[in-house]
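# Fold and contact review
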Amino acid sequence: QVDMVEFGGGLVQAGDSLRLSCVYSGRIFSSHVMGWFRQAPGKEREFVAATRWSDSRTYYSDSVKGRFTISKEKAKNTVFLQMNSLKPEDTAIYYCGKANGYDTDPRSYRDWGQGTQVTVSS
């Protein structure tokens, strides 16, 4: 059994920053992509950011581009999401998943964790 654990969420005010972490206990191959998604109440899970495990390529949704940064520490099988200039509309549960290639569709990802709650007050 492999586990994906996300943590680092919290309650912050608009304009604040948070850094989320995602630790994966399984193997990550160079062909894999690690992605961050979020799901707000009553909404579908949506793509936030992704990074290729093999190189420095990163991808962002338009709603977070310029504010969020995805990074990784390969030796620790850990992916980070630095979130700056947070807005109330960023409020959601944030999840991390692994895919065989870059995709913004959450159905391409697996090994989801329990997620971490991010709440941004206005």
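Below or above, wherever it landed, is the structure these notes cover. (Residues numbered from 1 in each chain as written. Predicted model: local features only at pLDDT ≥ 70, side-chain atom pairs only at ≥ 80, totals over all residues. Heavy atoms only, no water.)

For the rest of this paragraph, the subject is the packing of aromatic side chains. Counted according to the given criterion, the structure contains seven aromatic pairs. When the centroid spacing of 6.0 Å and the interplanar angle of 70 degrees are considered together, the rings of F47 and Y102 count as edge-to-face. Of this pair, F47 sits in strand β5 (residues 46-52) while Y102 sits in the loop between β9 (92-99) and β10 (109-110); the two residues are 55 residues apart in sequence, bridging distant segments of the chain. A relative accessible area of 9% means that F47 is categorised as buried. Within the aromatic cluster, the residues linked to one another by ring pairs are F37, F47, Y59, Y95, Y102, Y109 and W112. For R19, the ring lying beneath its charged end belongs to F80, and the centroid distance is 3.9 Å. Here R45 stacks its cationic end above the ring of Y95, 3.7 Å away from the centre of that ring. (Phe/Tyr/Trp six-rings, centres within 6.5 Å; stacked < 30°, edge-to-face > 60°. Helix = DSSP H or I, 4+ residues; strand = E, 2+ residues; numbered from the N terminus. Buried < 20%, exposed > 50% of the residue type's maximum accessible area, 1.4 Å probe, protein only. Lys NZ or Arg CZ within 6 Å of the ring centre and 35° of its normal.)

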